[in-house]
Structure formats: structure tokens, C-alpha cells
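# Notes for the structure review
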Amino acid sequence: MISDKSYGPGRYFLGVGHSFIKYPTTVQNYDFSKSAKADGKYINSRTKDGLRVDLEVSFQYLYIIDRVYDLYKLYGLNYRTPCQKIAVDILTDVATQFNSYQFFQKDAIIREMHTQLNSTFVGH
């Protein structure tokens, strides 16, 4: 049986035959780029005016300890793959909201990507 109680770092006596499902407590990183060590390849998208853009994006995240059980219920131990796909969808969608000229002044695009990622993943 899996308990919905989350435990922080430390030592706990669980008893025979019990174990923890571990999630990292440190800042994690997703990297979408041309690097061989990237989590995924760079993201192909289009601008609002139809031009192709290749996005190299990385962002950091931290698990909310009180929401880890909900994440486990949704995705089990394979939580990185669906979250990665959701992130790619969000980033691609945001890119299509801006025209090619706006990509030379990235601040608004970065802010919108940050806002959309936060609003989506805080609920997970």
C-alpha cells in the first residue's frame, strides 16, 4: 500500500518489507538543445507569421513535497517523460504567439514561457 504522506530527508524506520519511492529534493533541470547531454533535442516550432524557429531551452524546477503523491498517482515512476512532453507542447505553443521580429527581443517570449510553464506545472 502506498501512503499519501510525503517525507523529507532523514532517517525513518519503515519495518520489514517496506521502502520509499524517492524523488529528488534538489533543483532539477530540463535541457532541450543540440548538446549530447540534453534531455531532449532542440524544439522545432513556428512563429506567428509562419517562419520556422529552433528553440534551445533549459529550465529548472523543484518538486513541491506536498504534491509528490499526486504526481505519482498521475504518472507513476515514469514522471519525467510526460512532463517533458507537456513542457515541449507549452514551449511550442508560446512560440507561435509571437512574430519573427519579436524573437530578436526575447524578453517577452521568455516571460510568457516562464508564466505558462509555472501555471501548468504548479498544478501537477
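Just above, that's the structure.
Described in the following lines is the structure provided in the data block. This is a predicted model, so every value here is computed, not measured. Chains are numbered independently. Their residues run from 1 in the order of the written sequence. Side-chain atom pairs in this predicted model are given and counted only at pLDDT of 80 or more, local residue features only at pLDDT of at least 70, and totals for whole chains, interfaces and linings cover all residues. As a rule here, side-chain values come from all non-hydrogen atoms in the structure, and water together with hydrogens is ignored.

### Some details on helix α3 (residues 107-121)
Residues separated by three or four positions in an α-helix point in the same direction, a consequence of the helix having 3.6 residues per turn. Elements are defined by DSSP. Helices are runs of H or I of four residues or more, strands are runs of E of two residues or more, and each kind is numbered from the N terminus. By definition here, a helix of n residues has an expected span of 1.5 Å times n minus one. Taking 1.5 Å per residue as the helical rise, α3 with its 15 residues ought to reach 21 Å, and the 21 Å between its terminal C-alpha atoms agrees with that figure. Those residues of α3 lying buried are Ile-109, Met-113 and Leu-117. Projected down its long axis, α3 carries its buried residues within an arc of 60°, all on one side. Counted as exposed and oriented over 90 degrees from the buried face of α3: Asp-107, Arg-111, His-114 and Ser-119. Residue contacts are defined here by distance: any two heavy atoms, one from each residue, within 4.5 Å place the two residues in contact. Tucked inside the fold, the buried residues of α3 contact β3 (52-55), β4 (57-61) and α2 (80-95). For each residue, the accessible area found with a 1.4 Å probe, counting protein chains only, is set against the maximum for its type, and the residue is called buried under 20%, exposed over 50%, and partly exposed in between. To be clear, the arc concerns the directions from the helix axis to the C-beta atoms.

### Things to note about the packing of aromatic side chains
Centres within 6.5 Å are what make two rings of Phe, Tyr or Trp a pair, Trp counting through its six-membered ring; a difference in plane orientation under 30 degrees is then read as stacked, over 60 as edge-to-face, and the rest as tilted. All chains considered together, the criterion is met by eleven aromatic pairs. Plain terms: the ring middles of Tyr-30 and Phe-32 are 6.1 Å apart, the flat faces sit at 20° to each other, and that makes the pair stacked. Aromatic pair Phe-32 and Phe-59: ring centres 6.4 Å apart, planes at 35°, arrangement tilted. One end of the pair, Phe-32, is in strand β1 (residues 28-32); the other, Phe-59, is in strand β4, and 27 residues separate them in sequence. In this structure Phe-32 comes out as buried when scored by relative accessible area, which is 1%. A relative accessible area of 13% means that Phe-59 is categorised as buried. Site record: aromatic cluster; members linked through ring pairs are Tyr-23, Tyr-30, Phe-32, Phe-59, Tyr-61, Tyr-63 and Tyr-79. Taking the ring centre of Tyr-42 as reference, the NZ or CZ of Lys-34 above it sits at 5.3 Å. When the NZ atom of lysine or the CZ atom of arginine is within 6 Å of a ring's centre and also within 35 degrees of its normal, the charge is said to sit over that ring.

### Examining the environment of Tyr-23
As for its placement among the helices and strands, Tyr-23 is situated in the segment before β1. Expressed as a C-alpha distance, the spacing of Tyr-23 and Lys-106, which sit 83 residues apart in the sequence, is 33 Å. With residues near it in sequence (within four places) discarded, Tyr-23 still touches Tyr-63, Val-68, Leu-71, Tyr-72, Gly-76 and Tyr-79. A polar side-chain atom of Tyr-23 sits 3.3 Å from the main-chain carbonyl oxygen of Gly-76. Here a polar contact means two N or O atoms within 3.5 Å. Within protein one must be a hydrogen donor candidate and the other an acceptor candidate, and residues neighboring in sequence count only if both atoms are side-chain atoms.

### Structural notes on the nonpolar core
Generally speaking, soluble globular proteins have nonpolar side chains that are buried together. In terms of nonpolar packing, the biggest core is built from 24 residues, with Leu-55, Phe-59, Tyr-63, Leu-91 and Phe-103 touching the most fellow members. The set of elements that each furnish at least two residues to this core consists of β1, β3, β4, α1 (68-75), α2 and α3. Examining the composition of this core, we find that six residues originate from one element, α2, more than from any other. We call a set of buried Ala, Val, Leu, Ile, Met, Phe, Trp, Tyr and Cys residues a nonpolar core when their side-chain atoms join them within 4.5 Å.

### Topic: the side chain of Gln-84
Here Gln-84 is to be found in helix α2. For Gln-84, the side chain forms a polar contact with the main-chain oxygen of Asp-39, separated by 2.8 Å. Non-local contacts of Gln-84, meaning those with residues more than four positions away in its chain, are made with Tyr-30, Phe-32, Asp-39 and Gly-40.

### A few points about the pattern of salt bridges
Here, a salt bridge means any side-chain nitrogen of Lys or Arg that lies within 4 Å of a carboxyl oxygen of Asp or Glu. A complete count under the given rule lists three salt bridges for this structure. Its salt-bridge partner being Arg-80, residue Asp-39 comes within 3.1 Å of it at the nearest N-O pair. Remark: Arg-80 occurs in helix α2 and Asp-39 occurs in the loop between β1 and β2 (43-46); sequence separation between them is 41 residues. Judged by relative accessible area, Asp-39 falls into the partly exposed class, the value being 32%. Salt-bridge contacts for Asp-70 lead to Arg-67; the nearest nitrogen and oxygen are separated by 3.1 Å.

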